Amino acid sequence: MCSRKNSCSAVAPLSQLKMYSFMGGGLFCAIVGNILLVVSTATDYWMQYRLSGNYAHQGLWRYCMSNKCYMQTDSIAYWNATRAFMILSGMSCFAGIIAGLMSFSHFSSFERFNRSFAAGIMFFVSTFFVLLGMAIYTGVTVNFLGRRYGDWRFSWSYILGWVAMLMTFFAGIFYICAYRMCECRRGTGQR
C-alpha cells in the first residue's frame, strides 16, 4: 500500500517510465494542439467560395475578395460564439500545458492535488470548447452560407481546428493515463 507522502515517488521505476512516457506524449499533443488552435483561429481560410466570378475566402476575423481583406465588422452571433469558444479552448489548453509541465516535478504543496489529473481535465475542457466552436460554425455554414454561395468549400484553417480538437483530446487521454499510473491503490478498508 502507498501512503500520501510517497505518492508518485514510490512507483516502481518501470511504471514511472511509463508514466513519464504518457506525460511526454500528452505534452507533445497539447503543444501541437495549442499551436493549431492559434493558427486556426487567427487565419482567414475557414471557408472559400466564388462570388461574382471572383475567388473569396473568410475566417473568423476577416474576409478577403479580389486580393483585398476586410475586417468582419458585423456582430453575427455564430461568429462571436465560434470566436469565443476557440479562444477559451486555446486558453484552457495553455493552462493544461502549464499544469502538464508542472506535473513533471514531484513537489506539491497540496497533497490532494494531482497536476497530471488537472492537466488532463484542462485538455478535455479545451476539447469540449473547440468542439462547440467547430460545431456551431459547421452548422451555420452548411445550413445558411452553403445555400447562399453555390460554389463553396471548407478550407485549411477550418480543418486545422478539427485536428486541434483531436490533439487536445489525445493529450487529455495521455495525462489521465499518466494519472492512473501514478495513482496509489489503497486497500478496500482504508479511506
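Residues numbered from 1 in each chain as written. Predicted model: local features only at pLDDT ≥ 70, side-chain atom pairs only at ≥ 80, totals over all residues. Heavy atoms only, no water.

Undergrad: It is not clear to me how the state of the cysteines should be interpreted in this structure. Could you clarify?
TA: Note on terminology: disulfide describes a covalent bond linking the sulfur atoms of two cysteines. Tallied over the full model, the rule gives one disulfide. Disulfide partner of Cys-64: Cys-69, at an S-S distance of 2.0 Å. Residues Cys-64 and Cys-69 are joined by a disulfide whose S-S torsion is about 105 degrees; by sign, that bridge is right-handed. (Disulfide = S-S within 2.5 Å.)

Undergrad: It is not clear to me how the side chain of Thr-127 should be interpreted in this structure. Could you clarify?
TA: Among the structural elements, Thr-127 can be located in helix H3 (residues 115-148). By relative accessible area, Thr-127 is classed as buried at 9%. A polar contact is formed between the side chain of Thr-127 and the backbone nitrogen of Phe-169, at a distance of 3.1 Å. When neighbours within four sequence positions are excluded, Thr-127 is seen to be in contact with Met-165, Thr-168 and Phe-169. (Helix = DSSP H or I, 4+ residues; strand = E, 2+ residues; numbered from the N terminus. Buried < 20%, exposed > 50% of the residue type's maximum accessible area, 1.4 Å probe, protein only. Polar contact = N/O pair within 3.5 Å; in protein donor to acceptor, adjacent residues only side chain to side chain. Contact = heavy atoms within 4.5 Å.)

Undergrad: Would you explain the pairing of strand S2 (residues 54-58) in this entry?
TA: If a strand is regular, its side chains alternate between the two faces of the sheet. Where strand S1 (residues 47-51) meets S2, five bridges bridge the pair, whose relative direction is antiparallel. Across the sheet, Tyr-49 pairs through a bridge with Ala-56, a residue of S2. Taken together, S1 and the strand that follows it, S2, pair antiparallel across an intervening segment of two residues, in which Ser-52 is found at a positive phi of about 55 degrees. Examined bridge by bridge, S2 and strand S3 (residues 62-65) share three bridges and lie antiparallel to one another. Across the sheet, His-57 pairs through a bridge with Cys-64, a residue of S3. The hairpin turn running from S2 into S3, its antiparallel successor, is three residues long. (Pairing = 2+ DSSP bridges.)

Undergrad: Even after reading the chapter, I still don't get the packing of helix H1 (residues 13-42) against helix H2 (residues 77-102), so can you show me in this structure?
TA: The axes of two packed helices give the description: the angle between them and the distance between them. Interhelical geometry of H1 versus H2 gives an angle of 155 degrees and a closest axis separation of 9 Å. In terms of orientation, H1 lies roughly antiparallel with respect to H2. As for how H1 packs across H2, the hand of that crossing is left-handed. Between H1 and H2, the contacting residues are Leu-27, Ala-30, Ile-31, Asn-34, Leu-37, Ser-40 and Thr-41 on the first element and Met-86, Ser-89, Gly-90, Cys-93, Phe-94, Ile-97 and Leu-101 on the second. Here the contact of H1 with H2 is built from residues that sort into nine nonpolar, five polar and no charged. (Axes fitted to C-alpha atoms, helices over the stretch in contact; angles between N-to-C directions. Parallel < 35°, antiparallel > 145°, perpendicular 65-115°, else oblique. Left-handed = near helix turned anticlockwise from the far one by under 90°. Nonpolar A, V, L, I, M, F, W, Y, C, P; charged D, E, K, R; others polar.)

Undergrad: Whenever I open this one, the sheet that holds S1 confuses me. Can you help?
TA: Pairing between sheet strands relies on hydrogen bonds along the backbone, with the strands arranged either parallel or antiparallel. Strand order in the open sheet formed by five strands is S4-S3-S2-S1-S5, and the pairing between neighbours is antiparallel. The sheet is open, and its two edges are formed by strand S4 (68-71) and strand S5 (152-154), each paired on a single side. Taking each pair of neighbouring strands and ignoring which way they run, the sheet shows an average axis angle of 20 degrees. Note: S1 against S5, three bridges, orientation antiparallel. Note that in S5 the partner of Tyr-49 across the bridge is Trp-152.

Undergrad: Is there a simple way to think about a nonpolar patch on the surface in this case?
TA: A cluster of nonpolar side chains, namely Ile-31, Ile-35, Val-39 and Trp-156, defines an oily patch on the protein surface of about 340 Å² accessible area. Take the nonpolar patch: its biggest share by element is three residues, from H1. (Patch = residues over 30% accessible without salt bridge, like charges linked within 9 Å, V, L, I, M, F, W, Y side chains within 5 Å. Areas by Shrake-Rupley, 256 points an atom, 1.4 Å probe, with all protein chains shown as cover. Salt bridge = Lys/Arg side-chain N within 4 Å of Asp/Glu carboxyl O.)

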